[in-house]
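Structural description and commentary
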Amino acid sequence: PGAPPAKGDVPPGTVVSGDVLRANRIPPGQSRTRKWPVLDAGQPPPIDAGRWELALTGLVLHPATLTFAEFARAPRTRVLADFHCVTRWSRLGNFWEGIATREIIRHVAVSPRAQFVLVHAELGWTTNMPLQDFLAEDALFADRHDGEPLSHEHGGPVRLVVPHLYAWKSAKWVRAVEFLEHDRPGYWEQGGYHLRGDPWREQRHREDV
Ligand SMILES: Nc1nc2c(c(=O)[nH]1)N[C@H]1C(S)=C(S)[C@@H](COP(=O)(O)O)O[C@H]1N2
Ligand SMILES: [Mo]
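First things first, this report covers the structure right here in the doc. (Residues numbered from 1 in each chain as written. Chains lettered and ligands numbered in written order. Predicted model: local features only at pLDDT ≥ 70, side-chain atom pairs only at ≥ 80, totals over all residues. Heavy atoms only, no water.)

Looking only at helices and strands, one finds 4 helices and 12 strands in the chain. For 209 residues, the compact-globule estimate of 2.2 N^0.38 gives 17 Å, and the chain sits close to it at 16 Å. Based on the C-alpha atoms only, the size of the chain along its principal axes is roughly 45 × 45 × 35 Å. Counting only residues that meet the buried cut, the chain has 52% of its 209 residues in that class. Contacts spanning at least 24 positions in sequence make up 69% of the contacts within the chain whose residues lie at least 6 apart. Of the roughly 10,000 Å² that the chain leaves accessible, carbon and sulfur atoms contribute 51%. Averaged over its 25 positive side-chain charges, the chain has a centre that lies 3 Å from the centre of its 25 negative ones. (Helix = DSSP H or I, 4+ residues; strand = E, 2+ residues; numbered from the N terminus. Rg over C-alpha atoms; globule rule 2.2 N^0.38 Å. Buried < 20%, exposed > 50% of the residue type's maximum accessible area, 1.4 Å probe, protein only. Contact = heavy atoms within 4.5 Å. Areas by Shrake-Rupley, 256 points an atom, 1.4 Å probe, with all protein chains shown as cover. Lys, Arg positive; Asp, Glu negative; His and termini not counted. Charge placed at Lys NZ, Arg CZ, Asp CG, Glu CD.)

Below is the structure:
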């Protein structure tokens, strides 16, 4: 288990994920990796970063599509957070930079009826979660990791990062967020993975599937 970050490790104003401050940072059934494995359901899709867009749809008062240029101009955030894959590796102390999910939704006004999101990535891959988790203070659309532009294999140009849930909720090559009243299982959730996926409660699988 890693120690909490030393002062000075991260720039001022960085959002430090609550889990980073735990005495034991490794959730049950996980082990630490110092490498950063690449994990996804297929090959990285071809993406022209200049044409990348993020659509915000569903239960919003003003649906909007952010272009890459609009994304690049939005106020930025920095997050220090751990990353837990359901296949049992955990990578501690990731330094992410990008746009907070709370900042992104300012472009659309989410309806009070919305309680869940379905996040859409390239090639039809999806993942779902409660709106409250999506809007956590440390959740962001990341375009940089550990001081470097986010590589294509790790989801570049832009991926979602929701540090307090298992990493499959952190959609690589994200393209749209759909705001929903009722939960709708995504790609791996349809196959039996958990609708929420809290690593500290080992919410790996759904009980009803
Ligand atoms: N679009 C997309 N995003 C995805 C996945 C995927 O298959 N497709 N896999 C998820 C899983 S299971 C994990 S553990 C993380 C892995 O991110 P990494 O490859 O950057 O380590 O991405 C998540 N995001
Ligand atoms: Mo994963």
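Quick look at the site of ligand 1 now. Every one of the 20 residues lining ligand 1 counts as a neighbour, but Pro37, Ala41, His154, Arg159 and Lys172 are closest to it. In this structure, a nitrogen atom belonging to ligand 1 sits 3.0 Å away from a main-chain N or O atom of Ser170. Separating an oxygen atom of ligand 1 from a side-chain N or O atom of Lys172 is a distance of 2.5 Å. Computed on the free molecule, ligand 1 has an accessible area of 540 Å², of which 98% lies beneath the protein chains in the complex. Looking at side-chain class alone, the shell around ligand 1 contains 15 nonpolar, 2 polar and 3 charged residues. (Near = heavy atom within 4 Å. Polar contact = N/O pair within 3.5 Å; in protein donor to acceptor, adjacent residues only side chain to side chain. Nonpolar A, V, L, I, M, F, W, Y, C, P; charged D, E, K, R; others polar.)

Once that is clear, we can look at the environment of Arg78. Of note, Arg78 is situated in strand S5 (residues 77-84). Its relative accessible area of 33% is what places Arg78 among the partly exposed residues. Sequence-wise, Arg78 and Glu181 are 103 residues apart; in three dimensions their C-alpha atoms are separated by 30 Å. Once you skip the residues sitting within four places of it in the chain, Arg78 turns out to touch Pro11, Pro12, Gly13, Thr14, Val15, Phe95, Trp96 and Glu97. At a separation of 3.4 Å, a polar atom in the side chain of Arg78 contacts the main-chain carbonyl oxygen of Pro12.

For the structure shown, the criterion picks out 15 salt bridges. With a closest N to O distance of 3.0 Å, Lys172 and Asp40 form a salt bridge. You can see Lys172 sitting in the loop between strand S11 (159-161) and strand S12 (174-180) and its partner Asp40 sitting in the loop between strand S2 (31-32) and strand S3 (53-58), a full 132 residues away along the chain. By relative accessible area, which is 8% here, Lys172 ends up buried. The partner of Asp146 in a salt bridge is Arg91, with the nearest N and O atoms 3.4 Å apart. (Salt bridge = Lys/Arg side-chain N within 4 Å of Asp/Glu carboxyl O.)

Here we take up the pairing of strand S8 (residues 126-130). Where burial is concerned, most of S8 is hidden: 5 out of the 5 residues are buried. Across 5 bridges, strand S7 (residues 116-121) lies against S8 in antiparallel orientation. If you follow Val119 over to S8, its bridge partner there is Thr127. Taken together, S7 and the strand that follows it, S8, pair antiparallel across an intervening segment of 4 residues, in which Leu123 is found at a positive phi of about 65°. (Pairing = 2+ DSSP bridges.)

Following the sequence through the fold, Thr87 ends up in the loop between S5 and strand S6 (89-100). Sequence separation between Thr87 and Tyr166 is 79 residues, and the spatial gap between their C-alpha atoms is 9.5 Å. There is a polar contact of 3.4 Å between the side chain of Thr87 and the side chain of Trp89.

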